[in-house]
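# Chains, contacts and geometry: an overview
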Amino acid sequence: MSDGPEYDVDFRAHPEEYEIGRGEEGAFKIQPYKDELLPLWGIKTLEDAEEGAEAIYERFREYKAREEFVGMDMARKYLQMGWTRSLRYAKYPGGRKYDDDGTEREPQQWYDEEKYRISQVYREYLDRVESDPEYQRRREAWEDG
């Protein structure tokens, strides 16, 4: 995925244009799902994370009921992003993995205990999505084209 004009697409109207990509790729670009999911996402506090992860998972279930694989996968990306971003803050002061000179910093286990707990909230919901048989079936079919 690049930053080109393909992101001017309404992916609900044109799901065939969607590419799964790596990890969280496209999480901030795939519309209208970005506008539906980003406001729910938060890692500032444990309460934000609990509410956000549950709300994103509920959206996943709604997309699943409407047979919208793109929405299902985008919900997965936001849960994954909650897990990975909060884990980075849990390991690195200020969430900075690299020093100003580009040197990778040594992770600290656990620098920020609350961020670690937040990461586990998102991981729990991410595991639910990734182990969902319907999601697995649809993802496999999508990848097979």
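Look up a bit, the structure's there.
What comes next concerns the included structure. (Residues numbered from 1 in each chain as written. Predicted model: local features only at pLDDT ≥ 70, side-chain atom pairs only at ≥ 80, totals over all residues. Heavy atoms only, no water.)

The next point concerns unusual backbone geometry. Along the chain, Gln 31 connects to Pro 32 via a cis peptide bond; the corresponding omega equals 5°. Among the structural elements, Pro 32 can be located in the segment before α1 (33–37). (Helix = DSSP H or I, 4+ residues; strand = E, 2+ residues; numbered from the N terminus.)

Let us look at the packing of helix α3 (residues 69–91) against helix α4 (residues 113–131). Where α3 meets α4, the closest approach of the two axes is 8 Å, and the angle between their N-to-C directions is 155°. Classified by the angle their axes make, α3 and α4 are roughly antiparallel. Crossing of α3 over α4 shows left-handed handedness. On the side of α3, the interface is formed by Arg 76, Tyr 78, Leu 79, Gln 80, Gly 82, Trp 83, Ser 86, Leu 87, Tyr 89 and Ala 90, while α4 contributes Lys 115, Tyr 116, Ile 118, Ser 119, Gln 120, Tyr 122, Arg 123, Tyr 125, Leu 126, Val 129 and Glu 130. The residue inventory of the contact of α3 with α4, partitioned by class, reads 12 nonpolar, five polar and four charged. (Axes fitted to C-alpha atoms, helices over the stretch in contact; angles between N-to-C directions. Parallel < 35°, antiparallel > 145°, perpendicular 65-115°, else oblique. Left-handed = near helix turned anticlockwise from the far one by under 90°. Contact = heavy atoms within 4.5 Å. Nonpolar A, V, L, I, M, F, W, Y, C, P; charged D, E, K, R; others polar.)

Together, Glu 47, Asp 48, Glu 50, Glu 51, Glu 54, Glu 58 and Glu 114 make up a negatively charged patch on the protein surface. Residue contributions to the negative patch peak at six residues, all from helix α2 (residues 46–65). (Patch = residues over 30% accessible without salt bridge, like charges linked within 9 Å, V, L, I, M, F, W, Y side chains within 5 Å. Areas by Shrake-Rupley, 256 points an atom, 1.4 Å probe, with all protein chains shown as cover. Salt bridge = Lys/Arg side-chain N within 4 Å of Asp/Glu carboxyl O. Lys, Arg positive; Asp, Glu negative; His and termini not counted. Charge placed at Lys NZ, Arg CZ, Asp CG, Glu CD.)

Further remarks concern the side chain of Glu 24. By the element assignment, Glu 24 lies in the segment before α1. Buried and unpaired, Glu 24 has no salt bridge, with Arg 85 as the nearest side chain of opposite charge at 4.2 Å. Within the structure, the side chain of Glu 24 is placed 2.6 Å from the side chain of Thr 84, a separation counted as a polar contact. Residues contacting Glu 24, with those up to four places away along its chain left out, are Lys 77, Gln 80, Met 81, Thr 84 and Arg 85. (Buried < 20%, exposed > 50% of the residue type's maximum accessible area, 1.4 Å probe, protein only. Polar contact = N/O pair within 3.5 Å; in protein donor to acceptor, adjacent residues only side chain to side chain.)

With that settled, the discussion passes to α3. Compared with the 33 Å implied by 1.5 Å per residue over 23 residues, the 33 Å span of α3 between its first and last C-alpha is a close match. Buried residues dominate α3, accounting for 17 of its 23 residues. (Expected span 1.5 Å × (residues − 1).)

By the definition in use, this model includes nine aromatic pairs. Here the aromatic rings of Tyr 57 and Tyr 125 are separated by 5.6 Å at their centres, their planes lie at 50°, and the arrangement is tilted. Here Tyr 57 is found in helix α2, whereas its partner Tyr 125 is found in helix α4, with 68 residues between them in sequence. Exposure class is identical for Tyr 57 and Tyr 125. Each is buried. An aromatic cluster is present here, built from Phe 11, Tyr 18, Tyr 57, Phe 60, Phe 69, Tyr 125, Tyr 135 and Trp 142 joined pairwise through their rings. (Phe/Tyr/Trp six-rings, centres within 6.5 Å; stacked < 30°, edge-to-face > 60°.)

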